[in-house]
Amino acid sequence: DEQQKFKAQIKCYEQEGYAIVYVDDSGFAKERLRTNGYANVGMRGCGTHDWQAKGQANVIGALLAGLLLTVTLFDFNINADIFHGWLVQCVALCT
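Remember, predicted model here, so these are calculated numbers, not experimental data.

Chemist: Mind showing me how you'd approach the overall build of the protein here?
Modeler: Looking only at helices and strands, one finds two helices and three strands in the protein. Mapped in sequence order, the helices and strands of the protein form the string α-β-β-β-α. By the burial criterion, 13% of the 95 residues in the protein qualify as buried. Long-range pairs, those at least 24 residues apart, make up 50% of the contacts in the protein with a sequence separation of at least 6. A total of about 8,200 Å² of accessible surface is found on the protein, and carbon and sulfur atoms cover 54% of it.

Structure, rendered in structure tokens:
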């Protein structure tokens, strides 16, 4: 089972004294109009959608030993170079 192999490898690294840092990224719409919602019984619910909306905030965060190590917000798309720079400047300096 691949998951068991992965867990065993992580445990091995931890026993050797390596810090295991978990990293995740996500994007969030800056302004999002909802197409669905709630309304009182008997009242009409209204919704709109802005098909021209642009812009997204991106965030990368890291956990070390279950604690938030660092979080960075970006106002632009994250590519491999930006991600690598973030690893070097934010995560490596914190560990």
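Chemist: What am I meant to see in helix α1 (residues 2-15) here?
Modeler: Each α-helix winds once per 3.6 residues, and so residues spaced three or four apart point in a common direction. Given a rise of 1.5 Å per residue, 14 residues ought to cover 20 Å, and the 20 Å separating the end C-alpha atoms of α1 matches this to within 8%. Positive backbone phi, at 95°, marks G17, one or two positions downstream of α1.

About the thresholds
Residue positions are given per chain, counted from 1 along the sequence in the order it is written. Owing to the predicted nature of the model, reporting of local features is limited to residues with pLDDT of at least 70; listing and counting of side-chain atom pairs is limited to 80 or more, with chain, interface and lining totals taken over all residues. Calculation of side-chain values draws on the structure's entire complement of heavy atoms; hydrogens and water are dropped beforehand. In DSSP terms, a helix is any run of H or I states spanning at least four residues, a strand is any run of E spanning at least two, and both are numbered starting from the N terminus. Each residue's exposure class comes from its accessible area (1.4 Å probe, protein chains only) as a fraction of the maximum for that residue type: buried when under 20%, exposed when over 50%, partly exposed otherwise. Residue contacts follow a heavy-atom distance rule, with two residues in contact if any of their heavy atoms lie within 4.5 Å. Every accessible area reported is derived by Shrake-Rupley at a probe size of 1.4 Å, with residue values counting cover from the shown protein chains alone. A helix's residues, less one, multiplied by 1.5 Å, set its expected span.

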